[in-house]
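# A structural walkthrough
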Amino acid sequence: MSDTPSVKIAPSILSADFARLGEQVAEATAAGADYIHVDIMDGRFVPNITIGPMVVEAVRRCTHLPMDVHLMVMEPERVIPAFARAGATILTVHAEACTHLHRVVHQIKEHGARAGVAINPATSPTAVEEVLADLDLVLVMTVNPGFPAQEFIAGVLDKVRRVRRKLDDLGAKAELEVDGGIKSRNAAEAVRAGARVLVAGSAIFASEGGVREAMKEMRASLSKLPS
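Let me sum up the structure you'll find in this document. Please read these numbers as outputs of a predicted model, since none were measured by experiment.

### So, the overall build of the protein chain
- What the protein chain contains, in helices and strands, is nine helices and eight strands.
- Referenced to the eigenvectors of the C-alpha coordinate spread, the extents of the protein chain come out at roughly 45 × 40 × 30 Å.
- Taken across its 227 residues, the protein chain has 55% of its residues classed as buried.
- Excluding contacts between residues fewer than 6 apart, the proportion of contacts in the protein chain whose partners are at least 24 apart in sequence is 65%.
- Put simply, the protein chain has 25 plus and 28 minus side-chain charges, and the middle of one group is 2 Å from the middle of the other.

Below, the structure is given as structure tokens:
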């Protein structure tokens, strides 16, 4: 029996062509994506501004896949209800943006979504330790959030390993996700460190070979993991 871990791929629409967003989401779905990752930015927590609940609602109509909605916003408790109504399956907030993180995690659950917490490259894993048992997902950022197509910060992999050990020691159910600069050349390295969900934006949607070929390439890179 193989010990190769099961890995999910979550194409990020931040790198999609918004002129044909529904078509690209459908392409990723047909190509075997596991989640559709949606980045929400408010221009305050990060310098960029992206989309709101109306776009999430539109994307929801284009795919049957779970929608992995990443809230890079200040005071996320103000917008959680709207994004949950729009169809988010997972709502991930940033530990750095939450004064009362435990309360926000449970607010997400009360609105019927799975709860995730993200930490930036310079944030210690201790920021999420007290809520790990309550989480469905932990997101370790492998770039500083705010813009697509950034370079993967390899030094963050040690933090991924530490979070993996903590989750395993607790017997916690949360998925461990990484986001930022994930390509076929480093995907296996992230998985070896302990990640089980890979967010990939430009590697999927900006690939010259198209979405389907990019997904095949990413899966092929993971097939090289030792069993």
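### So, the nonpolar core
- Formed by 70 residues in total, the largest nonpolar core has its most connected members in I13, V69, L91 and L198.
- Residue contacts for L91: discarding those within four places in its chain leaves V69, L71, I80, F83, A84, I108, A113, R114, A115 and G116.
- Among the nonpolar cores identified, the runner-up in size contains ten residues, and A10, L137, L139 and V143 belong to it.

### Comments concerning the pairing of strand β4 (residues 90-94)
- Of all five residues in β4, five are buried, a share of seventy percent or more.
- Covered by surrounding structure in β4 are I90, T92 and H94 together with L91 and V93, the residues of both alternating faces.
- Crossover handedness for the path strand β3 (residues 67-72) to helix α3 (residues 80-86) to β4: right-handed.
- Strand direction decides the pairing type here: β4 and strand β5 (residues 114-119), joined by five bridges, are parallel. Note that in β5 the partner of T92 across the bridge is G116.
- Remark: the β4/helix α4 (residues 101-110)/β5 crossover connection has right-handed handedness.

### A word on the pattern of salt bridges
- Under the definition given, this model contains twelve salt bridges.
- Linking R20 and E27 is a salt bridge whose minimum nitrogen-to-oxygen distance equals 3.3 Å.
- Overall, R20 belongs to the partly exposed group, its relative accessible area being 32%.
- Across the pair E213 and K216 runs a salt bridge whose closest N-O atoms are separated by 3.6 Å. Here K216 and E213 lie together in helix α9 (residues 211-222), a separation of three residues that amounts to about one turn.
- For E213, a relative accessible area of 41% gives the class partly exposed.
- On the basis of relative accessibility, which here comes to 49%, the residue K216 falls in the partly exposed class.
- Look at the salt bridges and you will find they share partners, linking D17, R20, E23 and E27 into a network.

### Some remarks on the sheet that holds β3
- The eight strands lie next to each other as β1-β8-β7-β6-β5-β4-β3-β2, forming an open sheet whose pairing is parallel. The open sheet has two edge strands, β1 (8-11) and β2 (36-41), and neither has a second partner. Adjacent strand axes in the sheet meet at a mean angle of 25°, parallel and antiparallel pairs treated alike.
- Strands β4 and β5 of the sheet are contacted by α4, whose axis makes an angle of about 145° with β5.

What counts and how
- Residues numbered from 1 in each chain as written.
- Predicted model: local features only at pLDDT ≥ 70, side-chain atom pairs only at ≥ 80, totals over all residues.
- Heavy atoms only, no water.
- Helix = DSSP H or I, 4+ residues; strand = E, 2+ residues; numbered from the N terminus.
- Buried < 20%, exposed > 50% of the residue type's maximum accessible area, 1.4 Å probe, protein only.
- Contact = heavy atoms within 4.5 Å.
- Lys, Arg positive; Asp, Glu negative; His and termini not counted.
- Charge placed at Lys NZ, Arg CZ, Asp CG, Glu CD.
- Core = buried A, V, L, I, M, F, W, Y, C linked by side-chain atoms within 4.5 Å.
- Right-handed = clockwise from strand over helix to strand, strands pointing away.
- Pairing = 2+ DSSP bridges.
- Salt bridge = Lys/Arg side-chain N within 4 Å of Asp/Glu carboxyl O.
- Axes fitted to C-alpha atoms, helices over the stretch in contact; angles between N-to-C directions.

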